[in-house]
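Here is how the chains run, residue by residue.
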Amino acid sequence: MPLTNNVIIKLNEITSIVEDKSKLTESEIDEIKLIFKGLVEKNERYDLDEIEFWFENEGNWTTREPRIRIVNLANYVQDKYQQTAHLRIISDDDCGC
């Protein structure tokens with residue numbers, strides 16, 4: 001699944017907020033989580049391999065570890081959102097079963 005324009009804009013935003021592309025600070029990690037959370041809450045879907053490929057080819061990210069960390073954060077946020085969305089659907093069941 002190719003990345004949507006909204007996802008690419010957010011990946012560029014991540015590139016802008018991370019000052020040292022060789023390592024991520026805790027505050028940058030928190031901001032990255034919020035960016036991905038905003039995407040999944042708006043039902044923006046993203047493919048983790050595509051995100052990794054984008055960062056690999058973007059040019060500023062020469063160190064592999066922060067790129068992998070960002071992909072892991074994207075995965076974590078997406079999985080967490082899908083699990084809580086599933087729980088919301090179950091809890092909305094008023095059948096009394």
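It should be noted that the structure appears before, not after, this text.
Here, residues in each chain are numbered from 1, in the same order as that chain's written sequence. In keeping with the model being predicted, local features are shown solely for residues with a pLDDT of at least 70 and side-chain atom pairs are shown and tallied solely at 80 or more, while totals for entire chains, interfaces and linings include all residues. Each side-chain value is worked out from all heavy atoms of the structure, with water and hydrogens disregarded.

Q: Looking at this structure, how should I read unusual backbone geometry?
A: A negative phi angle characterises most non-glycine residues, just as the trans form characterises most peptide bonds. The phi torsion at N43 lies on the positive side, around 60°, for a residue other than glycine. Mapped onto the elements of the fold, N43 is located in the loop between α2 (26-41) and α3 (48-58). In this structure N43 comes out as exposed when scored by relative accessible area, which is 52%. Here a strand is any run of E in DSSP of at least two residues, a helix any run of H or I of at least four, and the numbering for each starts at the N terminus. Partly exposed describes any residue whose relative accessible area lies between the buried limit of under 20% and the exposed limit of over 50%, with all areas from a 1.4 Å probe on protein chains only and scaled to the type maximum.

Q: Got a minute to help me understand the pattern of salt bridges in this structure?
A: Close approach of charged atoms lets side chains of opposite charge pair. In what follows, salt bridge is the name for a side-chain nitrogen of Lys or Arg lying within 4 Å of a carboxyl oxygen of Asp or Glu. The final tally for this structure, using the stated rule, is three salt bridges. Salt-bridge contacts for K10 lead to E13; the nearest nitrogen and oxygen are separated by 3.3 Å. Placement of both K10 and E13 in helix α1 (residues 5-17) is noted, with a separation of three residues, approximately one turn of the helix. In this structure E13 comes out as partly exposed when scored by relative accessible area, which is 31%. Between E41 and K37 there is a salt bridge whose closest N-O contact spans 3.8 Å. With a gap of four residues between them, E41 and K37 both fall in helix α2, about one helical turn apart. Owing to a relative accessible area of 41%, K37 belongs among the partly exposed residues under this scheme.

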